[in-house]
Amino acid sequence: MERAKLRPADRLAALPSYFFHGLNQKIARLKAAGVDVIRMDMGSPDLPPAPFVVEALKKSADDPTRHGYTPSGGAPAYREAWAHFYGRRFGVELDAQTEIVGLLGSKEGVFNLALAIVNPGDVVLVPDPGYAPYTIGARMAGGEVVSMPLTAGNRFLPDLRALSPDLLRRAKLMWLNYPNNPTGAVASLDFFARVVRLAQANGFLVAHDAPYTEITYDGYRAPSLLQIPGAKEVCVEFNTLSKTYNMGGWRVGAACGSPEAVLALGALKSHIDSGFFQPLLDASIAALTGDQAWLIERNEIYRERRDIVVAALREAGMQVDMPTAAIYVWARLPDGVSDEKYADGLLEATGVSVTPGAVFGPSGRGYIRLSLGTPTERLREAMSRVARWA
Ligand SMILES: Cc1ncc(COP(=O)(O)O)c(C=O)c1O
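Fair warning: this is a prediction, and the values are worked out from it, not measured in the lab.

A. Summary view of the overall build of the protein chain. Assigned secondary structure in the protein chain consists of 15 helices and 13 strands. Counting only C-alpha atoms, the protein chain reaches 70 × 55 × 55 Å along its principal axes. Counting every position in the protein chain, which comprises 390 residues, the buried fraction comes to 55%. Sequence separation of 24 or more characterises 75% of the internal contacts of the protein chain that already satisfy a separation of 6 or more.

B. Just the site of the ligand, in detail. Near the ligand lie 15 residues; those nearest to it are D209, Y212, T240, S242 and R251. Within the backbone of S106, one N or O atom sits 2.7 Å away from an oxygen atom of the ligand. Here an oxygen atom of the ligand and a side-chain polar atom of S242 are 2.6 Å apart. When the ligand sits alone it has 390 Å² of accessible area, and the protein chains cover 92% of it. Class assignment for the residues of the shell around the ligand results in five nonpolar, six polar and four charged.

C. Focus on the pattern of salt bridges. A full pass over the atoms with the stated rule returns 25 salt bridges. Measuring nitrogen to oxygen at the nearest pair gives 2.9 Å for the salt bridge that ties R306 to D218. Placement of the pair is R306 in helix α13 (residues 294-315) and D218 in the loop between β6 (205-209) and α9 (231-234), with a sequence separation of 88 residues.

D. Focus on the sheet that holds strand β10 (residues 328-332). Taken in spatial order, the four strands line up as β9-β10-β13-β12 in an open sheet, and their pairing is antiparallel. Edge positions in the sheet fall to β9 (319-320) and β12 (355-356), since each of these pairs with one other strand and no more. The sheet contact formed by β10 and strand β13 (residues 367-371) spans five bridges and is antiparallel. By the bridge assignment, V329 is partnered in β13 with L370.

E. Representation of the side chain of S371. Here S371 shows up in strand β13. Polar side-chain contacts of S371 include one of 2.9 Å to the backbone oxygen of M42. At a separation of 3.1 Å, a polar atom in the side chain of S371 contacts the main-chain amide nitrogen of G373. Other than its neighbours up to four places away in sequence, S371 contacts M40, D41, M42, G43, S44, I327, Y328 and L379.

F. Structural detail: the sheet that holds strand β4 (residues 144-149). Taken in spatial order, the seven strands of this open sheet run β2-β8-β7-β6-β5-β3-β4, and their pairing is mixed. Taken across any chain shown, the strands that pair with only one partner, and hence form the sheet edges, are β2 (100-103) and β4. For this sheet the average axis-to-axis angle between neighbouring strands, irrespective of direction, equals 20°. Across four bridges, the pairing between strand β5 (residues 171-176) and β6 is parallel. Note on β6: the bridge partner recorded for M174 is V206. The strands that helix α11 (residues 259-272) touches are β2, β6, β7 (235-240) and β8 (253-257); relative to β2, the one it contacts most, it runs at about 35°.

G. Just unusual backbone geometry, in detail. Between D128 and P129 the backbone carries a cis peptide bond, its omega angle lying at 5°. As for its position among the elements, P129 is in the loop between β3 (123-128) and α6 (133-140). The linkage connecting Y178 with the following residue, P179, adopts the cis geometry, with an omega of -10°. Looking at the element boundaries, P179 is found in the loop between β5 and α8 (189-202).

H. Seen up close, the pairing of β6. Among the five residues of β6, five are classified as buried, and the element is accordingly described as predominantly covered. Side-chain alternation along β6 places L205, A207 and D209 on one buried face and V206 and H208 on a second face that is also buried. In this view, the connection linking β5 to its parallel neighbour β6 by way of α8 has right-handed handedness. When β6 meets β7, the two strands line up parallel, connected through four bridges. Within the sheet, the bridge partner assigned to H208 lies in β7 and is E237.

Calculation criteria
- Residues numbered from 1 in each chain as written.
- Predicted model: local features only at pLDDT ≥ 70, side-chain atom pairs only at ≥ 80, totals over all residues.
- Heavy atoms only, no water.
- Helix = DSSP H or I, 4+ residues; strand = E, 2+ residues; numbered from the N terminus.
- Buried < 20%, exposed > 50% of the residue type's maximum accessible area, 1.4 Å probe, protein only.
- Contact = heavy atoms within 4.5 Å.
- Near = heavy atom within 4 Å.
- Polar contact = N/O pair within 3.5 Å; in protein donor to acceptor, adjacent residues only side chain to side chain.
- Areas by Shrake-Rupley, 256 points an atom, 1.4 Å probe, with all protein chains shown as cover.
- Nonpolar A, V, L, I, M, F, W, Y, C, P; charged D, E, K, R; others polar.
- Salt bridge = Lys/Arg side-chain N within 4 Å of Asp/Glu carboxyl O.
- Pairing = 2+ DSSP bridges.
- Axes fitted to C-alpha atoms, helices over the stretch in contact; angles between N-to-C directions.
- Right-handed = clockwise from strand over helix to strand, strands pointing away.

This is the structure:
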């Protein structure tokens, strides 16, 4: 008997395919053909966590009592560690019980927030270019996605005055992300204060995705949206150990702020996951509450890479702002050059893989994004190949 073909659900079939999935396949083919590929496309830190963090993991894993289930949303001590981090770093006081929920990496929470609070037809405002799960989560929840273009003319901040009163009234959720992926732009406390006032006046939730606040250069210190008085009533901020502590594969993050958002997200998650591996939490607590001095040296490594990449791309005729935060360089190609064709051509001709800006939304057309999460010598080699190809 012939077996029925499995068709994915319509809600999944309606989604665009994940860009990096296709790219990974292409890169695997090139590597199999002997090409020396240098990946500067994904924002994946290449450096390891601090040794004391890995030691804490090992020690905890050796303890026979640390292998059972843990609460979805994180054990109390893990949530306390985030409260400690926010207090020390931003002077923001958080109640670990009601204002923090642990996440299996922030991507999980970013996606699930929409399922937890967005009803069909609700407006969700998302930055363009932006991190794809803001849009995908909203679409899965049946929300109406409305893009907020981020342009060089506006220093890659959404133009809040361009949002009509009707749109703001219908908005349930606004996504922001500073320091920004992919543009490397940063936002001031003044801008955050304007956003909070808008949310208070219109009754929507602001979700601020903030994985890059601890990767900054040239003396810049990134603020938290939660520093704005009253923000906790209308905002939730997503954070993660992935970038700050070089722990992308560990899948540990948190959402902090609005008790209603934290409660809804936690309630949804209690139906989906069954908590974390406790040794991951123990090591994460060590990372969040332990010595932070090593981050200065780590950021210096990224800073050196940033300078190499920016200089090389400018030399190759691209327009590039020097980013003061995050792990990306956002480069404008010469007029008329397609980002998709450029990235594809560069990969085929030189083995250097970068991300075309259009992957992040239509306003990313004409740009490419390069990640600094590549060993410095490989990154130098990549830039010399770009120079030869230009
Ligand atoms: C803007 C942004 N948000 C969230 C994430 C996901 O981080 P995590 O590893 O915590 O899921 C990333 C990762 O690249 C990111 O760039």
